[in-house]
Each structure stands twice: as structure tokens, then as C-alpha cells.
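# An overview of the molecular structure
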Amino acid sequence: MSLIHLEDLSKVYRVGDQEIRALDQIDLRIEEGEFLSIIGSSGSGKSTLMHLLGCLDTPTSGRMEICGKDLAKASSDELAGVRNREVGFVFQAFNLLPKLDVVSNIALPLVYAGVPHAERLVRAKKAAADVGLGDRLSNRPPQLSGGQCQRVAIARALVNNPRILFADEPTGNLDSTTGRMILEMFDALHAAGKTIVLVTHDPAIAAHSRRVIEIRDGRITREYKP
Amino acid sequence: MNPLIAISIGLREISAHKFRTCLSMLGIVLGVSSLIATMALTRGIEDGTRKFMQQIGGLEFVSIVSKEPSSKKFEFANLSPGRTLRDAEALKQSANFLSHVSPEIFLSTAVATDGGGNPDRRMVRGVYPDHFVIGMHQIRAGRFLTPLDVERGSRSAVLGDSVAKQLWPDTPAELAVGKTILIDSRPFVVVGVLTLYEMEEQARARKSGRGSARSSMSRWDPFRQKNETVLIPFNTMFHELRSGAFPLDSLDTMKLETLTVRVEDLDYFQPALEQIRSILDITHRGVDDYDLETRQDWFDRMERSVRAARLSGGLISAISLVVGGIGIMNIMLASISERVREIGIRLAVGARQRDIFWQILIESILVSFLGSLLGIFASLGLIEILKSIAPSENIPVLTPDAIFLAVGFAIAAGLLSGLYPAAKASSIDPITALRYE
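On a predicted model such as this, the values are computed, not experimentally measured, just so you know.

### Digging into the overall build of chain A
Counting its secondary structure elements, chain A contains 7 helices and 10 strands. Looking at the 226 residues of chain A, the share that counts as buried comes to 43%. Long-range pairs, those at least 24 residues apart, make up 66% of the contacts in chain A with a sequence separation of at least 6.

See the structure below:
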């Protein structure tokens with residue numbers, strides 16, 4: 001069984017009288033352990049697709065199964081549970097909490113998973129060490145470089161040991177050297193068996209993955225292996 | 001989510017915006033401190049009143065007062081002679097639960113020394129010797145009125161301390177005894193002078209030499225009436241001063257101004273009341289034109305008025321707590337629009353809507369709780385100020401239940417004012433929140 005299974009999935013926004021079909025009858029299967037890229041220009045619907053896959057939103061129609069759960073009509077609490085346990089996010093803008101130090105930022109998903117304080121600390125420290133930030137635990141995000149921030153974000157995404165890692169333009173705010181380092185981390189994670197879904201507008205970055213899906217005007221127009 | 005985590009998040013948020021939090025706490029601080037101070041103040045008044053009630057008299061006194069007869073008996077109300085000396089005599093003879101019976105008649109008339117000088121208009125009372133006990137009098141010099149004085153209608157008078165001082169300013173009480181005064185131009189011999197009645201504080205102030213005259217003038221003095229009294233025998237009053245007023249009156253049929261009795265043993269208080277009623281029903285020929293007023297009723301009335309004062313003070317403070325709550329709500333709403341992105345991040349990593357709801361609500365409760373702690377300190381200062389202003393017998397008293405009540409109200413205000421911001425924050429859409437700059 002596929003890890004992610006989309007069938008006839010549509011997302012329609014209503015702005016006044018206008019109907020905007022952000023996603024139009026998408027069919028997609030993603031298997032466990034895949035390294036997939038979704039590319040498309042801005043406004044193509046790739047962000048909407050990622051929000052749906054990441055359980056931040058629900059579709060207007062169609063079937064959406066993630067990790068064996070039918071989430072097309074899920075309640076907000078169910079979606080929160082999936083976001084917490086099955087899914088990790090890495091964003092372009094890092095989205096760390098500036099008032100919390102590195103450990104607390106990484107431990108944030110564990111707080112909502114109900115993990116006790118002592119165990120949270122142990123797991124967050126281990127995740128920080130895994131991304132090479134074991135010595136910056138008590139720093140706050142404003143004191144870190146962009147690459148370090150993104151590594152904190154990756155540690156946070158992985159701390160609850162999710163099955164899927166979503167990355168939305170993870171190198172967009174980084175210079176090319178640091179960007180390459182981050183992509184190498186994704187490669188290593190893929191090699192370790194993590195399912196990774198990368199959203200980008202840059203075919204060069206998509207080339208790191210094993211399978212590329214191109215989206216235009218809410219439809220999958222092309223699928224290829226780099 | 002663990003409430004402890006929500007509390008620690010809230011505390012961090014509060015310490016990150018100290019000034020803003022202080023501003024939003026201000027209303028709660030004022031509300032809590034004024035609520036505690038009001039309660040301490042009314043508690044002080046309550047204690048003062050109770051002390052005063054203990055000082056002026058026990059529960060064993062019962063006043064027989066007249067009232068309108070009930071409509072059922074209205075037609076033959078004329079049959080009743082009203083409160084007369086006959087009631088007093090009947091009670092004295094038949095009511096064995098009573099130890100003292102004191103009928104009184106009053107007359108406001110001119111009192112002067114025999115050496116000339118301007119007469120003062122004073123309330124003169126015609127009393128029985130039992131009045132000495134029922135009025136809780138103490139004699140300073142001379143003697144009180146005796147049964148013989150009453151029987152003979154002698155022209156003797158017992159003066160309150162203030163009266164004696166005013167008539168002979170420089171004469172000690174001992175020398176005032178034996179002097180002659182003119183009551184309505186008739187000479188009376190002063191046979192006794194009563195002690196000066198005063199509150200404990202006044203006595204202390206007088207002994208320490210502070211100007212008690214000023215303070216006793218400025219304040220309501222519960223013993224003023226007792227100190228300014230002029231007492232003469234009942235019969236003398238009737239024959240010398242009152243007999244001409246209503247020609248048809250005899251000593252037995254004249255209406256009494258007051259009739260007070262003392263129950264001998266408080267264990268038999270209710271039977272004594274029964275006894276009084278059954279006797280008075282006979283002398284009043286079955287007309288219920290009298291009522292028995294006990295001190296208990298009176299005390300109850302005083303307590304009721306104190307309670308009303310406490311309630312109104314509490315209400316005013318409650319209003320300021322509501323205002324404080326609105327202040328918190330304002331700040332919470334402002335802080336939410338500042339923290340939309342943070343809420344989005346928390347939602348993205350798996351916070352449920354109810355986690356966000358609780359986080360905001362607990363933060364709001366924390367603000368009000370910390371505000372109420374500050375309010376407690378503020379109230380301590382406020383009470384000190386009140387202590388220096390308030391009359392010494394009504395010293396504000398701080399009780400733990402006032403503090404608990406105020407803190408409880410403050411927390412409730414924080415809870416109520418946090419509900420709307422919390423609901424608003426938890427309904428934020430994660431995608432919009434993450435895009436929010």
C-alpha cells in the first residue's frame with residue numbers, strides 16, 4: 001500500500017463570485033522511501049498540493065489517504081495529530097520561534113505529542129546532535145546563521161520520527177554552498193530510508209531527487225526521473 | 001497538553017513583555033486592592049459595631065413598643081388603654097421571669113442652676129429606680145433614685161456627667177451633690193451624679209491628655225444621650241410637670257414614652273416573652289397595639305446594614321475588576337495579532353486548536369493572577385492609609401477570606417476576558433498564519 005494516495009483530488013477557492021481551481025483532479029501515489037520533487041512556477045498549485053499533503057488543509061473533493069488514514073474529511077484535531085506524528089515540515093523561512101532556544105524549538109512537536117519533559121530534552125538534544133548543532137543548544141534563532149537555522153528546522157521536523165518529511169523551498173533563503181549542504185542532508189536522510197517530498201521552482205534542486213512531478217495550473221503535466 | 005507547559009509558555013510570554021503586561025494588569029491590581037480594602041473596612045465597621053453593641057447592653061433587655069393594632073382588631077382598638085404604668089405594675093407583680101421593669105416618661109424643659117444663668121432646654125426623664133439597672137448606669141457621686149423618692153414624689157434629681165459639668169463647670173461631681181437646680185422653675189435637689197460614659201478609645205485619649213474634646217465633638221458619640229440625661233422620680237414628673245398637659249390623665253392611665261424590662265435569666269428568654277405577652281394581652285384587653293423589641297432584633301438590623309455596606313463596596317470593586325478584565329482582553333487581542341505566525345508554527349508542528357485555546361486562556365489567567373498578587377500588596381498599603389483615617393473603633397481588619405475572594409474574582413475576570421481572545425486565536429488558519437508577515 002502506498003504511503004500517500006491521492007485520487008481525483010481537487011481544491012477550489014472561492015474569491016467573491018470567482019472560482020479558482022488551485023488543484024484540479026490530481027492523481028498521485030507516493031511509496032515509502034521515495035525522494036520526490038514537486039516543481040512548478042509560482043501560482044501553479046504546488047504549494048496548495050503541499051499544504052494538502054502536509055495536512056494543513058483539507059481538499060474540496062476527492063480521496064486523500066496518508067499513512068493509511070483517509071483524511072479528505074478529517075477533523076482539525078485528526079489533522080493536527082497527523083502533522084504531529086507522521087509528518088515533518090521544513091520551510092523556506094525556517095519558521096522557528098525566535099524567543100525559544102534551539103533545544104526548545106526542536107522539542108516543540110514533542111510538547112504537543114505529550115512527551116514528558118526529561119525525555120523531550122534527551123530527544124531534542126539527540127536530534128540537534130544529528131544535524132551537527134550539538135554545541136549551539138542554548139542559542140536562539142536570531143543568533144544563528146541561515147544554514148544553522150535550517151538545520152534546527154530539520155531537527156525539529158525529524159524529532160518525532162515522522163514517516164514523511166516535507167520541504168517547501170528549503171534552500172530559498174540560503175546561499176548556494178549552504179543550500180547544497182542542506183540538500184546533501186536530504187540525500188543522507190533518503191539513504192537512511194525517510195520519505196522526502198521537496199517542493200521547489202528550481203529544476204536544478206529537483207534534480208537531487210529520484211522522481212520529479214511538474215505541476216501547471218493545478219494539474220500534473222509531466223513526470224520524469226532526473 | 002500539559003497545563004504546566006501552558007503555564008511556562010505564558011510566563012515566558014509575560015516576562016518578554018513586562019511593561020505591556022504591567023499595563024494590562026493595572027485594572028486587576030486596582031480592582032483587587034480596592035476589593036480587599038473595602039472588605040477590610042466593612043469588617044472593621046462590623047467589629048466596631050459589635051464591640052459597641054457589647055458595650056451598650058446585653059441581650060436580656062426587652063423594649064415594649066407601641067404599634068398600630070392589626071386591622072382585624074382595629075374596631076375595638078379604642079378599648080386598649082395603651083402602654084401605661086398599669087402595664088409596668090402588672091409586669092412587676094406577675095412576670096416572675098423578669099428582674100426589672102422600667103417605665104419612663106419624658107419632658108423637654110428648661111433646666112438651670114438656682115444661681116441664675118440661662119436655662120438650657122433638656123430632656124428630663126421620669127423614671128423608676130429600676131432604670132438604674134436597665135439604663136446600665138453607674139453612680140459617680142451621691143445616690144440613685146430610690147423607691148421612696150418615687151412613692152413620695154420627692155424633688156430629687158440625678159444628673160448625667162455632661163449636664164453637671166455644664167451647670168457647674170469647675171465643680172467636681174462630689175460637690176455638685178446637694179446643690180439645687182431649677183427644672184421648669186421648680187427647685188430640685190441633686191442627689192447623685194452619674195459617671196462619664198465613653199468609648200474605650202476616648203477614655204484612653206482623655207487620660208493620655210490628648211484633646212479629647214475635639215475628637216468627641218467631631219464624632220458620633222453613642223453615649224451622648226446617657227451623659228446628658230436628667231433623671232427625676234416618675235411620680236414627681238407626673239405630678240409636678242406633666243399633670244396639666246392632658247387633664248383627663250391619671251397616674252395610671254398616662255401613656256408611657258418607653259417601657260423596658262430585663263429578663264432575669266437568658267435561658268428562659270422565650271418563656272419570659274410569652275409571659276410578657278400574656279400579661280399585656282390582659283391589660284390591653286386583647287388589642288395587639290404593642291410589640292416586643294429585643295436587642296437581638298436591633299443587632300440583626302445593624303448587621304444587615306453592615307452587610308449592605310459590604311455588598312455595595314464589593315460591587316464597586318467588582319466593576320473595577322470587570323474593567324481590569326477588559327484591559328486584559330485588549331492586550332491579549334493585541335498580542336494575538338502580533339503572534340499569528342507563532343500560532344501558525346505551533347499548529348504546523350501538531351498543536352491542536354484546543355492547545356492554542358488553552359495557551360491563550362492560561363496566559364490571560366496568569367496575568368490576572370499575578371495582577372491580583374500585586375493587588376494584595378497594594379491593598380496592604382491602602383489599608384494602612386485607611387487605618388490612619390478611619391475612626392479608631394472601626395479599624396480596618398484584613399481577613400484571609402477577603403484575599404481569597406478578591407483573588408478568586410480576579411482569576412474569574414481573567415478567565416472570562418481570556419475566552420474571546422483564546423477562541424479567536426484557536427480559529428486561526430495555519431496556512432494563512434504561516435504566510436503572515
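### Re the overall build of chain B
Helix and strand counts for chain B come out as 17 helices and 10 strands. At a minimum sequence separation of 6, the contacts of chain B that also span at least 24 residues come to 84%.

### Considerations on the interface of chain A and chain B
Facing 18 residues of chain A, the contacting portion of chain B comprises 16 residues. Within the residue set of the side of chain A that touches chain B, elements represented by two or more residues are helix 2 (76-85) and helix 3 (102-113) of chain A. Taken together, the residues that form the side of chain A that touches chain B break down as 9 nonpolar, 4 polar and 5 charged.

### Here we look at the sheet that holds strand 10 (residues 219-224) of chain A
All names here are of chain A. If you trace the 6 strands from one edge of the open sheet to the other, you get 6-7-8-3-9-10, paired in mixed fashion. Looking at which strands have only one partner, the edges of the open sheet turn out to be strand 6 (87-90) and strand 10. Strand-to-strand twist across the sheet, computed as the mean angle between neighbouring axes with direction ignored, equals 20°. Where strand 3 (residues 35-39) meets strand 9 (residues 211-216), 4 bridges bridge the pair, whose relative direction is parallel. The residue of strand 9 that forms the bridge with Leu-36 is Arg-211.

### Focus: the sheet that holds strand 2 (residues 18-30) of chain A
All names here are of chain A. Pairing within the open sheet is antiparallel, and its 4 strands lie in the order 2-1-4-5. Strands with a single pairing partner mark the edges of an open sheet, and in this sheet they are strand 2 and strand 5 (69-70). As paired strands, strand 4 (residues 61-66) and strand 5 are joined by 2 bridges and run antiparallel to one another. Paired with Glu-65 across the bridge in strand 5 is Asp-70.

### Notes on the pairing of strand 7 (residues 164-168) of chain A
For a regular strand, side chains alternate in direction, first toward one face of the sheet and then toward the other. Residues and elements named next belong to chain A. Burial analysis of strand 7 places 5 of its 5 residues in the buried class, which makes it a mostly covered element. On strand 7, burial covers both faces: Ile-164, Phe-166 and Asp-168 on one face and Leu-165 and Ala-167 on the other are all buried. Relative to strand 7, strand 6 runs parallel, the two sharing 4 bridges. Bridging from a neighbouring strand, Val-90 pairs with Ala-167 of strand 7. The sheet contact formed by strand 7 and strand 8 (residues 195-200) spans 5 bridges and is parallel.

### Topic: the packing of helix 15 (residues 353-389) of chain B against helix 16 (residues 400-426) of chain B
Angle between the axes and distance between the axes are the two parameters that describe a pair of packed helices. All names here are of chain B. Closest axis-to-axis distance for the helix 15/helix 16 pair is 7 Å, and the angle between their directions is 150°. On the basis of the axis angle, helix 15 is roughly antiparallel to helix 16. Crossing handedness for the pair helix 15 and helix 16: right-handed. Taken together, the residues of the contact of helix 15 with helix 16 sort by class into 20 nonpolar, 10 polar and 1 charged.

### Details of the packing of helix 3 of chain A against helix 5 (residues 146-158) of chain A
All names here are of chain A. Contact geometry for helix 3 and helix 5: axes closest at 7 Å, N-to-C directions at 35°. As for the relative orientation of helix 3 and helix 5, their crossing is right-handed in sense. Packed against helix 3, whose contacting residues are Val-102, Asn-105, Ile-106, Leu-108 and Pro-109, the element helix 5 presents Val-152, Ala-155 and Arg-156 at the interface. Split into classes, the residues belonging to the contact of helix 3 with helix 5 amount to 6 nonpolar, 1 polar and 1 charged.

### Topic: the nonpolar core
Among the nonpolar cores identified, the biggest contains 112 residues, and Ile-38, Ile-106, Ala-153, Phe-166 and Val-197 of chain A are the most heavily contacted of them. Those residues in contact with Val-197 of chain A that lie beyond four places of it in its chain are Ile-30, Leu-36, Ile-38, Leu-53, Ile-164 and Phe-166 of chain A. Judged by nonpolar contacts, the second largest core, of 47 residues, contains Leu-85, Val-127, Leu-145 and Leu-259 of chain B.

### Here we look at helix 5 of chain A
All names here are of chain A. Between its terminal C-alpha atoms helix 5 stretches 18 Å, which fits the 18 Å expected from 13 residues at 1.5 Å a residue. Looking at helix 5, one finds that the buried residues are Cys-149, Gln-150, Arg-151, Val-152, Ala-153, Ile-154, Ala-155, Arg-156 and Ala-157. Among the structural elements, strand 6, helix 3, helix 4 (117-130), strand 7 and helix 6 (176-191) are those in contact with the buried residues of helix 5.

### Some remarks on the environment of Ala-153 of chain A
Residues and elements named next belong to chain A. Structurally, Ala-153 is set in helix 5. Along the sequence, Ala-153 and Phe-94 sit 59 residues apart, while their C-alpha atoms lie 6.0 Å from each other. With residues near it in sequence (within four places) discarded, Ala-153 still touches Val-90, Phe-91, Phe-94, Asn-95 and Leu-96.

### Focus: unusual backbone geometry
Residue and element names in this part refer to chain A. Phi angles above zero are rare outside glycine, and Cys-55 is one such case at about 65°. Position of Cys-55 relative to the elements: it lies in the loop between helix 1 (46-53) and strand 4. The backbone of Glu-169 sits at a positive phi, close to 45°, despite the residue not being glycine. Its location among the elements puts Glu-169 in the loop between strand 7 and helix 6. Overall, Glu-169 belongs to the buried group, with 20 C-beta atoms counted inside 10 Å.

### A closer look at the environment of Glu-214 of chain A
Checked against the element boundaries, Glu-214 of chain A lands in strand 9. Note: C-alpha distance between Glu-214 of chain A and Ile-39 of chain A (175 residues apart in sequence) is 4.9 Å.

### Focus on the environment of Pro-271 of chain B
Residue and element names in this part refer to chain B. You can see Pro-271 is positioned in helix 12 (residues 269-283). Owing to 12 C-beta atoms within 10 Å, Pro-271 belongs among the exposed residues under this scheme. On a C-alpha basis, the gap between Pro-271 and Phe-97 in space is 7.8 Å, while along the polypeptide they are 174 residues apart.

### What about the confidence of the model for chain B?
Residue and element names in this part refer to chain B. Of the residues in chain B, 90% reach a pLDDT of 70 or more, and the chain-wide mean stands at 82. Across residues 211-218 the pLDDT falls below 50, and counting only partners more than four positions away or on other chains, this stretch makes 6 contacts in the model. Interface confidence for the predicted complex, expressed as ipTM, amounts to 0.93; the pTM equals 0.69.

Conventions and cut-offs
- Residues numbered from 1 in each chain as written.
- Chains lettered and ligands numbered in written order.
- Predicted model: local features only at pLDDT ≥ 70, side-chain atom pairs only at ≥ 80, totals over all residues.
- Helix = DSSP H or I, 4+ residues; strand = E, 2+ residues; numbered from the N terminus.
- Buried ≥ 20, exposed ≤ 12 C-beta atoms within 10 Å, placed from the backbone.
- Contact = placed C-beta atoms within 7 Å.
- Nonpolar A, V, L, I, M, F, W, Y, C, P; charged D, E, K, R; others polar.
- Pairing = 2+ DSSP bridges.
- Axes fitted to C-alpha atoms, helices over the stretch in contact; angles between N-to-C directions.
- Parallel < 35°, antiparallel > 145°, perpendicular 65-115°, else oblique.
- Left-handed = near helix turned anticlockwise from the far one by under 90°.
- Core = buried A, V, L, I, M, F, W, Y, C linked by C-beta atoms within 7 Å.
- Expected span 1.5 Å × (residues − 1).
- pLDDT = per-residue confidence, 0-100.

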